Amino acid sequence: MVDWISLGADDAGHAGQLAAAAREVVGVREARTDGATVRVRVRHAPGMLPLLLYGLDAAGLRPRSVDARRPTFDELFVALTGHHVRDGAADDQ
């Protein structure tokens, strides 16, 4: 199962620093920025969260906020197939 950890940053520059440091943490599959938010993809958020925060702290960085969640069914479907569940439904009508 792939989970997402969202890190809130002070601004886009801080988000870039957080993403770069997160990519250096073993077990992080992806870290991407969206404005002042960093989305970090990991295999198991409950186990990875302490490691991620430790890695950020070691780099001298602290996120403004942290949120961990499991992906929705639609997010999993898109990741596996490349399209949304309802994309094919319109074609059948």
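In this report, the structure presented in the accompanying data block is examined. (Residues numbered from 1 in each chain as written. Predicted model: local features only at pLDDT ≥ 70, side-chain atom pairs only at ≥ 80, totals over all residues. Heavy atoms only, no water.)

### Observations concerning the overall build of the protein chain
Note the cut-off: By definition, any uninterrupted DSSP run of H or I lasting at least four residues is a helix, any uninterrupted run of E lasting at least two residues is a strand, and each is numbered from the N terminus. A contact between two residues is defined here by any heavy atoms of the two lying within 4.5 Å.
Scanning the protein chain from N- to C-terminus turns up four helices and four strands. Starting at the N terminus and walking to the C terminus, you meet the elements of the protein chain as β-α-β-β-α-β-α-α. Taking the principal axes of the C-alpha coordinates as reference, the protein chain spans close to 55 × 25 × 20 Å. Considering only contacts within the protein chain whose residues lie at least 6 apart along the sequence, 60% involve residues at least 24 apart.

### Quick word on the packing of aromatic side chains
Our working rule: Only centres within 6.5 Å qualify two rings of Phe, Tyr or Trp (six-membered ring in Trp) as a pair; their planes then separate them into stacked at under 30 degrees, edge-to-face at over 60, and tilted for everything else. A simple rule labels every residue: compare its accessible area, found with a 1.4 Å probe on the protein chains alone, to the largest value its type can have, and call it buried under 20%, exposed over 50%, or partly exposed in between. Look at NZ for Lys and CZ for Arg. If either is within 6 Å of the ring centre and within 35 degrees of the ring normal, a charge sits over the ring.
Taken as a whole and assessed by the stated rule, the structure comprises one aromatic pair. Relative to Phe77, the ring of Phe73 lies with its centre 6.1 Å away and its plane at 35 degrees, an arrangement referred to as tilted. Note that Phe73 and Phe77 are positioned in helix 3 (residues 73-81) at a spacing of four residues, about one turn of the helix. Overall, the relative accessible area of 25% leaves Phe77 in the partly exposed class. If you follow Arg39 out to its NZ or CZ, it ends over the ring of Trp4, 4.1 Å from the centre.

### Some details on helix 1 (residues 12-23)
Note the cut-off: Any helix carries an expected span of 1.5 Å times its number of residues minus one. The directions considered for the arc run from the helix axis to the C-beta atoms. N or O atoms within 3.5 Å of each other form a polar contact, as long as, within protein, one can give a hydrogen and the other can take it, and as long as residues adjacent in sequence are counted only when both atoms are side-chain atoms.
A rise of 1.5 Å per residue sets the reference length of helix 1, with its twelve residues, at 16 Å; its end C-alpha atoms lie 16 Å apart and thus fit the reference within 8%. Burial in helix 1 covers these residues: His14, Ala15, Leu18, Ala19, Ala21 and Ala22. All buried residues of helix 1 lie within an arc of 165 degrees about the axis, which places them on one face of the element. At the N-terminal boundary of helix 1, the capping side chain belongs to Asp11, with an oxygen 3.1 Å from the backbone nitrogen of Gly13.

### Re the pattern of salt bridges
For the record, the criterion: Salt-bridge detection follows one rule: a side-chain nitrogen of Lys or Arg within 4 Å of a carboxyl oxygen of Asp or Glu.
The full count for this structure, using the stated rule, is five salt bridges. Ionic contacts of the salt-bridge type, sharing partners, join the residues Glu30, Arg32 and Arg41 into one network.

### Notes on the pairing of strand 2 (residues 28-34)
Stated formally: Pairs of strands are assigned from DSSP output, requiring at least two bridges between the strands.
As judged from the six bridges shared by strand 2 and strand 3 (residues 37-42), these two strands associate in the antiparallel manner. What sits directly across from Asp34, in strand 3, is Thr37. In this structure, the hairpin formed by strand 2 and strand 3 is closed by a connection of two residues, where Gly35 is found at a positive phi of approximately 65 degrees.

### As for the environment of His44
Here His44 lies in the loop between strand 3 and helix 2 (45-58). Between the C-alpha atom of His44 and that of Val2, which follows or precedes it by 42 residues, the distance is 6.4 Å.

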